[in-house]
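The lines below spell out each chain.
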Amino acid sequence: MTPESAVGVGPWQGNLPAGGQWDPELLANGDRRNVVDGYRYWNHEAIVADLDSKRHNFHVAIENWQHDLNIGSVVRCANAFMAKEVHIIGRRRWNRRGAMVTDRYQHVRHHPTVEEFVNWASAEGLAVIGIDNFPDSVPLETYDLPRDCVLVFGQEGPGLTDQVHRSAQATLSIAQFGSTRSINASAAAAIAMHAWLRRHVFGQRV
């Protein structure tokens, strides 16, 4: 890898900074991680602690009954949009490749059953909001997303299970204009998360 194409930054130049967030090894050898510039040379624990102080009120959940390959991408988006937590419903094991190491910075919780997940959400005071194209779905674009909620996405292909559909406060659909009847689960997750940000970070009312 040439210096021009290297990712990140090289060794720290000048007097070393003071503070517990700095990683001595990264300061000495450079920081080639996929992190924003504000976290360069910080140790992992300090980055997670800083993120925890800023995380948003929404959670993201995805059903995992068939080892869905989209989960990694959903986790990556959740990290980018600073979701409070990601919840895996069903199988514990999931393909981390699409997460691009962002799962190290994002809290991920496992629920073996839908019932356990729904009970957890109720105890936390979170509205369960499903994202799928059902006959009774209402448009995401005109729905006032609650601040404290968990956005739930189904398995790629079959979509949300009936149990999640019945348990949701509302099920929302994403407007589409082409020939396909559905979009990729990770793409839908990114759209829904950003809709929450527009409503509760940027104050854009529907």
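You'll find the structure just up there.
Every chain begins its residue count from 1, and numbering advances along the sequence as written. Only residues with pLDDT of 70 or above have their local features reported here, since the model is predicted, and side-chain atom pairs are shown and tallied only from 80 upward, although totals for entire chains, interfaces and linings are computed over all residues. Working from all heavy atoms in the structure, the side-chain values ignore hydrogens and water.

### A word on unusual backbone geometry
The phi angle at tyrosine 41 is positive, at roughly 75 degrees, despite the residue not being glycine. The helix count covers DSSP runs of H or I at least four residues long, the strand count covers runs of E at least two residues long, and both are numbered beginning at the N terminus. The residue tyrosine 41 is located in the loop between helix H1 (24-29) and helix H2 (44-52) in this model. Of note in the backbone geometry, valine 101 takes a positive phi value of approximately 75 degrees without being a glycine. Mapped onto the elements of the fold, valine 101 is located in the loop between strand S2 (86-90) and strand S3 (108-111).

### Here's the deal with the pairing of S2
Burial status follows relative accessibility: with a 1.4 Å probe on protein chains alone, a residue under 20% of its type maximum counts as buried, one over 50% as exposed, and anything between as partly exposed. Of all five residues that make up S2, five are buried, and the element is covered over most of its length. Any two strands with at least two DSSP bridges between them are considered paired. Summarising the sheet, S2 and S3 pair through four bridges and their orientation is parallel. Directly across from isoleucine 88, in S3, lies its bridge partner histidine 110.

### Some remarks on the pairing of strand S1 (residues 59-64)
Each regular strand displays side chains that alternate between the two surfaces of the sheet. Burial runs high along S1: six of the six residues are buried. Burial of the side chains of S1 extends over both faces: His59, Ala61 and Glu63 are buried on one face and Val60, Ile62 and Asn64 on the other. Pairing of S1 with strand S6 (residues 149-153), which is carried by four bridges, proceeds in the parallel orientation. Across the sheet, the residue bridging to histidine 59 is valine 150, located in S6.

### Side note on the packing of helix H3 (residues 71-80) against helix H6 (residues 185-200)
It is the contact of H3 with H6, at a shortest axis distance of 9 Å, that shows an interaxial angle of 20 degrees. By the angle between their axes, H3 is roughly parallel relative to H6. Between H3 and H6 the crossing geometry is right-handed. Judged by residue contacts, Ser73, Val74, Cys77 and Ala78 of H3 engage Ser186, Ala189, Ala190 and Met193 from H6. Axes here refer to lines fitted to C-alpha atoms; in helices the fit is confined to the stretch in contact. Angles between the N-to-C directions go from 0 to 180 degrees. Between 65 and 115 degrees an angle is taken as roughly perpendicular, under 35 as roughly parallel, over 145 as roughly antiparallel, and anywhere else as oblique. In this scheme the handedness of a crossing depends on how the near helix is turned from the far one: anticlockwise by less than a right angle means left-handed, clockwise means right-handed. In this description, contact between two residues means that some pair of their heavy atoms is separated by no more than 4.5 Å.

### Observations regarding the packing of aromatic side chains
Here the distance between the centres and the angle between the planes together describe a pair of aromatic rings. Only Phe, Tyr and Trp rings are paired, with Trp represented by its six-membered ring, and only when their centres lie within 6.5 Å; those with planes under 30 degrees apart are stacked, over 60 edge-to-face, the remainder tilted. Tallied over the entire structure, the rule returns five aromatic pairs. Centre to centre, the rings of phenylalanine 58 and tryptophan 196 are 4.8 Å apart; their planes meet at 45 degrees, and the pair counts as tilted. Of the two residues, phenylalanine 58 sits in the loop between H2 and S1 while tryptophan 196 sits in helix H6, which places them 138 residues apart along the sequence. Clustering of aromatic rings is evident, with ring pairs tying together Trp12, Trp22 and Tyr41.

### Remarks on the pattern of salt bridges
We count a salt bridge whenever a side-chain nitrogen from Lys or Arg sits within 4 Å of a carboxyl oxygen from Asp or Glu. Overall, the coordinates contain eight salt bridges when judged by the stated rule. Each of Asp31, Arg33, Asp37 and Arg40 takes part in one network of salt bridges that share partners.

### Digging into the environment of isoleucine 131
Checked against the element boundaries, isoleucine 131 lands in strand S4 (residues 127-131). Taking the C-alpha atoms as reference points, isoleucine 131 and phenylalanine 153, separated by 22 residues in sequence, lie 5.6 Å from one another. With residues near it in sequence (within four places) discarded, isoleucine 131 still touches Val152, Phe153, Leu160, Leu172, Ile174 and Ala192.

### Considering the side chain of histidine 59
Residue position: histidine 59 is located in strand S1. When its relative accessible area of 7% is taken as the criterion, histidine 59 is described as buried. When sequence neighbours within four positions are dropped, the list of residues in contact with histidine 59 reads Lys84, Glu85, His87, Trp120, Leu126, Cys149, Val150 and Leu151.

### Details of H6
Here the expected length of a helix is defined as 1.5 Å per residue gap, with one fewer gap than residues. The end-to-end C-alpha distance of H6 is 23 Å, a good match for the 22 Å that 16 residues give at a rise of 1.5 Å each. Burial analysis of H6 places twelve of its 16 residues in the buried class, the great majority of the element. Of the positions making up H6, those classed as buried are Ala185, Ser186, Ala188, Ala189, Ala190, Ala192, Met193, Ala195, Trp196, Leu197, Arg199 and His200. Next to the buried residues of H6 lie S1, H3, S4 and S6.

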